[in-house]
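Survey of secondary and tertiary structure
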Amino acid sequence: MNESEERSRGDLGAVARLFGKLGLIAFGGPAAHIGMMEDEVVERRGWLSRQRFLDMVGATNLIPGPNSTEMAMHVGYVRAGWRGLFVGGACFILPAVLVTVAFAWAYVRYGSLPSITPFMNGIKPAVLAVILAAVWRLGKTAVKGPAVAVIGLAVMLAVLIGGVNEVLALLAGAVLGALWLMLGRRGKAGQDSDPGTAAIVPAIGTAVASASTSTAAALPAASLLAATSVPLWKLGLFFLKVGAVLYGSGYVLVAFMEGDLVETYGWLTRPELLDAIAIGQLTPGPVLSTATFVGYLIAGVPGAAVATLAIFLPSFAFVWILAPIVPRLRDSRWTAAFLDAVNVSAVGLMAAVMIALSGAVLTDWKAWLIAVGATVLAVKVRVSSIWLVLGGAVLGWVLGVGVG
C-alpha cells in the first residue's frame, strides 16, 4: 500500500468518526449543523479553507435535498475522495435514523413518547449560539465589500419582513446579485478590488422552534391496516420523488407529505404526519429522518429502511455530480460572481432564521442565560459546538427550561 492509499484510509476513518459524532448531537436544523461542521472541519481540524467551505455551502444551496447532509458528503469527498463522500453522508444520517426508529417503535407500542422537553429547550438557545458564531466567523470572510453586503441584507429583509419563500429569495439574490456584481466589476475595469467572495449557511429547514416534545397520540387502526397493504416499491418511489425535488424548509416537507400520504394515498392521518414531523425535528441529524418514522408507521422496519434509502439517495447522486465541479466555479468571472451572490444570499437567509428563532426560543431568563453564556464560550473562548449543545441540554434539565 502506497503513502496516498494509507492517508486515504486514515482520512476515511477520521471522516467516519467526525460525522458519526456530529450525527449524534447535531440538533437545531441545517443552519446549526453546518455551523458545527464549520467549527470542526475549518476552525479546529483545518481540513479545508473557510473560502472552500463557503463555496461548497453556496453550491449545495442550488441542489435539492438536505443541505447539511450534502455538506457532510462534500467534506468527506474533499478529505477522502469518493469513498469519503459516501462514508461522510452515511455516518451523519445513521445516528438520526436509529434514534428515529427507536422513537417510532415506542410510538407504535405505547402510543406516547417520553417527555424530554427540558433537554430540548436547553439545546435550542445553545444552538442559537452555534449559529451566531458561524455567522460571525464566516461573515468576516464573506462580506468584503458593500455590494455583497447589500445583496445579503436584501435577501434577509425579503424573508424576514416580506415573507418571501426562502428558495425564491435565494434564487433571486443569486441571479440578480450576480448580474449586479458583474456590472459593478465591469464598471471598475482595471481595478483589482473584488466586491465579495462567499458566505455561509443555508437556512433550509430550521423549524426547530416548533420541535416540541408533545405527547404523541396512539397509533390509529387505519395506519396498522396500511402497514399490511402498502407495497414497499410504491413507498420507496414516493420518497425517491420527494428527495429528488425537495427544496426549502421543513414546512415544504410537510406540504409534500400531506398532499400525497394523507390526501391522495390515505397512508397516514394528519395527526400522525404532524407527529412524524415533530420527531424529525427533535432528533439529531437531518430533518428528513422524518421519512424513517413515516416508513416505520406504514410498513415496519422494512418500510423505515426503504423510505430512508429512497429519500437520501438523490442527494448522494447530486453531490457525486457536483463535488468535482465546485472548485472550478471560481475559474470564470461569471460563475464566480454567481457563486458570490448565492453564498451571500445564504448569509441573508441564515440571519433571517436566526432572528426568527431568537424570538421563539428566548422566552425567559433561563433561555437567555444559556444563549448568552454559550455565545461567549463559542465566540470568545472557542469552545467546541459539541460541548455547547451537550451543556445546553444539561442546563435545560437542571434549570427546568420551559417547564412550569
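Only a predicted model underlies this, so the values are computations on that prediction, with no experimental measurement involved.

As for the confidence of the model for the protein
On average, residues of the protein score 76 in pLDDT, and 78% of them reach the 70 mark or higher. No element of the protein has a lower mean pLDDT than helix 8 (residues 221-227), at 39, and none a higher one than helix 12 (residues 290-322), at 92. Confidence over residues 1-7 falls short of pLDDT 50; this stretch has three contacts with residues more than four positions distant or in other chains. Scored below 50 in pLDDT, residues 189-228 makes 125 contacts in the model with residues more than four places away or belonging to other chains.

Remarks on the nonpolar core
Among the nonpolar cores identified, the biggest contains 90 residues, and Phe19, Leu22, Phe53, Ile131, Phe239, Leu261 and Ile298 are the most heavily contacted of them. Of all the elements, helix 12 adds the most residues to this core, at 15 residues. In contact with Phe19, other than residues within four places in its own chain, are Met37, Ala72, Val75, Gly88, Cys91 and Phe92. Within the second largest apolar cluster, nine residues are counted, among which are Ala147, Val148, Ala337 and Ala341.

Let's talk about the pattern of salt bridges
If you walk through the whole model with that rule in mind, you get five salt bridges. For Arg44, the salt bridge goes to Asp39, with nearest N and O atoms at 3.1 Å. Overall, Arg44 belongs to the partly exposed group, its relative accessible area being 38%. Among the salt bridges present, the one from Glu43 reaches Arg50, with a minimum N-O distance of 2.7 Å.

Digging into the environment of Leu12
Along the chain, the position of Leu12 falls in helix 1 (residues 3-25). Sequence-wise, Leu12 and Val87 are 75 residues apart; in three dimensions their C-alpha atoms are separated by 7.4 Å. Ignoring anything within four residues of it in the chain, the contact list for Leu12 reads Ala80, Arg83, Gly84 and Val87.

How each quantity is defined
- Residues numbered from 1 in each chain as written.
- Predicted model: local features only at pLDDT ≥ 70, side-chain atom pairs only at ≥ 80, totals over all residues.
- Heavy atoms only, no water.
- pLDDT = per-residue confidence, 0-100.
- Helix = DSSP H or I, 4+ residues; strand = E, 2+ residues; numbered from the N terminus.
- Contact = heavy atoms within 4.5 Å.
- Core = buried A, V, L, I, M, F, W, Y, C linked by side-chain atoms within 4.5 Å.
- Buried < 20%, exposed > 50% of the residue type's maximum accessible area, 1.4 Å probe, protein only.
- Salt bridge = Lys/Arg side-chain N within 4 Å of Asp/Glu carboxyl O.

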